[in-house]
Amino acid sequence: MSSLTDSATWQELREHHREIAELHMRDMFAQDSKRFDKLSLKFQDILFDFSKNRITEKTLPLLLKLAEESDLADKIAALFSGEKINRTENRSVLHTALRNPGRQPFMLDGRDIHADIHSVLNKMRVFSDAVHSGEWRGYTGKVITDVVNIGIGGSDLGPKMVVRALQPYAKGTIQSHFVSNVAQAELINTLNKLNPETTLFLIASKTFTTLETMTNAFSARAWLVDSLKAPGAVDKHFVAVSTNRDKVVEFGIDPDNIFEFWDWVGGRYSLWSAIGLSIPLNIGMDNFEQLLNGAHEADEYFKNAPFEQNIPVIMALLGIWYNNFFNAETHAILPYGYYLRYFPAFMQQMDMESNGKNIDIDGNPVDYQTGPIVWGQAGTNGQHAYYQLIHQGTKLVPCDFLIPGTSCHFLPDHRNILVSNFLGQTQALMQGKTADQVRKELEQAGSEYDEALINAKVFPGNIPTNSFLFKVLSPKTLGSLIALYEHKVFVQGAIWNINSFDQMGVELGKKLSGAIFPELQNDQPVHSYDSSTNGLINYLKEIR
Ligand SMILES: O=P(O)(O)OC[C@H]1O[C@H](O)[C@H](O)[C@@H](O)[C@@H]1O
């Protein structure tokens, strides 16, 4: 056993889980009218209600003890100080520095990274202002109307999620597009809608070697040059965001059009860097800075709030409670509303790539569960699809609900229908419906029934939910929300004692694909792989 599962606190938590496994949240609420007051926290205007969780007065102190014993305080200090906590890659993890408005020097490996950050932020401002004002024009002198971000993973999901979430803050009429998939349809369908004379491509890639991104970038460049019949047009229509200057120059992008960032920014934590350039190109730099401010305030709060009143710490501990003691395998993220529709996909990468690890920080196999499967979709759609399983299936699915208190649109009834669905669902998941309640309802309705029908209509309830309720989905609030989730993932990684900042698991498939690629260039049958891979390649050659 590892020191984590071996610890007295872990054993106490196991024992405590056995004690409370049969307790029902509806009784906990019935017995304590102050439960909400005791189990909810506020950060700025963000209310975090965690009262609908399967916890008693004993649970959090035990979980907090686990956090203390895993040296969480020291690990938080190490994160912010720039210690090389990403050990396998020997890198610091400093996405928090990207949103720190402070100008005082922050030295890392002999460089003042605050100065570097602010100089790139300044370049982003000058450039996005020039595009918005029409001062930056395409090769034929027309103003830019469309921006296409070509990137994948962290170079797509974060910027796309933010641009779509903050659509009401769009400045001017620039349309933003995101192309990530190497399947041709995505790029072709996007290009078909665009005028090359007024389109700006933003090639976003930390490494500038990612196959999907580079393939799309080369095809986009060919489309532009062919359409405008001018190789020189690239300078006015292509900019790059990367840590790999040499590769960008080799691709043929003007060095003045490179927006730099650094290897101490992980891909899934990079929307705060120039990787987020599509954000100010859509909502303006002032709003982008509000996003950074919101995240910075959440960073300060995370660093300073006592653990028992610290939203990311509580989120992380509740997640561990279900993941490691109730054996919940997944965690659903359910934003109610349209604008946050890409938040679940963004969180999926942030959480699963960070904490999907089977060895600890010292390289030893773990004997406990680490990161959950994160999934979800904008509500209320899920209610008409998979909520059946959450309410009555055999798996425990802890859920996060997120909803703004206001909307910028005014169609009658929509808003309150959405809000009442959020409230109704979280209530239903908590309280469920007993056989007695079902029987009574059937009797009152004068329906015929048998026990089977009653059982089919019973809702076990007792399904944990967290609710985030905030005034408006503003740039600042969104920045705070994302940062709170980032820190949740960090805290879980710290307690599981894993490296949340590498992603070795994405390499093998990429490498094997690279070896297979030349095999597809001819029609000869292959025999050198396992029989399934041979069979698939050969059938493909037959049908294509
Ligand atoms: O930005 P890039 O270097 O193109 O990388 C894009 C993405 O691909 C990698 O395989 C990683 O899994 C992601 O963490 C990364 O965000």
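Residues numbered from 1 in each chain as written. Predicted model: local features only at pLDDT ≥ 70, side-chain atom pairs only at ≥ 80, totals over all residues.

What about the overall build of the protein chain?
Of the regular secondary structure elements, the protein chain holds 24 helices and 13 strands. The C-alpha atoms of the protein chain give a radius of gyration of 25 Å, which matches the 24 Å a tight globule of 544 residues would have. Each of the three principal axes of the protein chain carries a C-alpha extent, and together these read 75 × 60 × 60 Å. Expressed as a percentage of the 544 residues in the protein chain, the buried residues total 43%. (Helix = DSSP H or I, 4+ residues; strand = E, 2+ residues; numbered from the N terminus. Rg over C-alpha atoms; globule rule 2.2 N^0.38 Å. Buried ≥ 20, exposed ≤ 12 C-beta atoms within 10 Å, placed from the backbone.)

As for the packing of helix H2 (residues 8–20) against helix H5 (residues 59–69)
Across the interface, H2 lies against H5 with an axial gap of 9 Å and an inter-helix angle of 155°. As judged from the angle between their axes, H2 and H5 are roughly antiparallel. Handedness of the crossing formed by H2 with H5: left-handed. Here H2 contributes Thr9, Trp10, Glu12, Leu13 and His16 to the contact with H5, which in turn contributes Thr59, Leu62, Lys65, Leu66 and Glu69. When the residues that make up the contact of H2 with H5 are grouped by side-chain class, the tally is four nonpolar, three polar and three charged. (Axes fitted to C-alpha atoms, helices over the stretch in contact; angles between N-to-C directions. Parallel < 35°, antiparallel > 145°, perpendicular 65-115°, else oblique. Left-handed = near helix turned anticlockwise from the far one by under 90°. Contact = placed C-beta atoms within 7 Å. Nonpolar A, V, L, I, M, F, W, Y, C, P; charged D, E, K, R; others polar.)

Looking at the nonpolar core
Ile150, Val162, Leu202, Val241, Leu317 and Ile495 are the most contacted members of the largest nonpolar core, which has 131 residues in total. A total of 12 residues in this core trace back to one element, the largest contributor, which is helix H22 (residues 475–496). In contact with Val241, other than residues within four places in its own chain, are Leu202, Ala204, Phe259, Phe261, Ala274, Ile275 and Leu277. (Core = buried A, V, L, I, M, F, W, Y, C linked by C-beta atoms within 7 Å.)

Quick notes on the environment of Asp109
Relative to the elements of secondary structure, Asp109 occurs in the loop between strand E3 (107–108) and strand E4 (111–112). Counting along the chain gives 381 residues from Asp109 to Phe490, while the straight-line C-alpha distance between them is 23 Å.

Observations regarding the sheet that holds strand E2 (residues 46–49)
Read from one edge of the open sheet, six strands run E1-E2-E13-E12-E10-E11, paired in mixed fashion. Looking at the sheet topology across the chains shown, the edges are occupied by strand E1 (40–43) and strand E11 (373–375). Between one strand axis and the next, the sheet turns by 15° as a mean value, whatever way the strands run. Against the sheet, helix H19 (residues 414–431) makes contact with strand E12 (399–404) and strand E13 (465–470), and its axis sits at roughly 155° relative to E12, the strand it touches most. This element, H22, spans E1, E2 and E13 of the sheet and lies at about 35° to E2. (Pairing = 2+ DSSP bridges.)

What to know about helix H17 (residues 343–355)
Compared with the 18 Å implied by 1.5 Å per residue over 13 residues, the 18 Å span of H17 between its first and last C-alpha is a close match. Those residues of H17 that sit buried are Phe343, Pro344, Phe346, Met347, Met350, Asp351, Glu353, Ser354 and Asn355. Buried positions along H17 lie against helix H9 (157–165), strand E10 (330–335), E11 and H22. (Expected span 1.5 Å × (residues − 1).)

Quick notes on the sheet that holds strand E6 (residues 175–179)
In space, the five strands of this open sheet follow the order E6-E5-E7-E8-E9, with parallel pairing throughout. Where the open sheet ends on each side, the last strands, each with one partner, are E6 and strand E9 (258–260). When the angles between neighbouring strand axes are averaged without regard to direction, this sheet yields 20°. Here five bridges tie strand E5 (residues 146–150) to E6, and the two strands are oriented parallel to one another. Within E6, the position partnered with Asn149 by the bridge is Phe178.

Observations regarding the UniProt feature "active site" (unreviewed entry) in the protein chain
Taking the numbering used here, the UniProt-annotated feature "active site" (unreviewed entry) corresponds to Glu353, His384 and Lys510. For the residues just named, distributed over 158 residues, the greatest C-alpha separation reaches 36.4 Å, placing them at more than one site. With respect to the helices, strands and loops of the structure, His384 is situated in the loop between E11 and helix H18 (387–392). On the secondary structure map, Lys510 appears in helix H23 (residues 507–516). (UniProt positions renumbered as here; feature names shortened; annotations may be inferred.)

Here's the deal with the site of the ligand
Taken together, 14 residues are adjacent to the ligand, and Gly153, Gly154, Ser205, Thr210 and Gly267 come closest. Across the shell around the ligand, the residue classes tally to two nonpolar, nine polar and three charged. (Near = placed C-beta within 6 Å.)

Considering the pairing of E2
A regular strand places its side chains so that they alternate between the two faces of the sheet. Direction of pairing for E1 relative to E2: antiparallel, over a ladder of four bridges. Looking at E2, one finds that Phe43 is bridged to Ile46. The hairpin formed by E1 and E2 contains two residues between the paired strands, and Gln44 there has a positive phi angle of roughly 55°. As paired elements, E2 and E13 share three bridges and run antiparallel to each other. Within E13, the position partnered with Phe48 by the bridge is Phe468.

Overview of the pairing of strand E8 (residues 238–242)
Of all five residues that make up E8, five are buried, and the element is covered over most of its length. Across the two faces of E8 the burial is the same, with Phe238, Ala240 and Ser242 and Val239 and Val241 all buried. Taken together, the four bridges between strand E7 (residues 199–204) and E8 define a ladder with parallel strand orientation. The residue bridging Ile203 from the neighbouring strand is Ala240, located in E8. In this structure, E8 lies alongside E9, joined through three bridges in parallel fashion. From the neighbouring strand, Ser242 faces E9, where its bridge partner is Glu260. In this region the chain leaves E8, passes through helix H13 (residues 245–251) and returns to the parallel neighbour E9; the handedness of that crossover is right-handed. (Right-handed = clockwise from strand over helix to strand, strands pointing away.)

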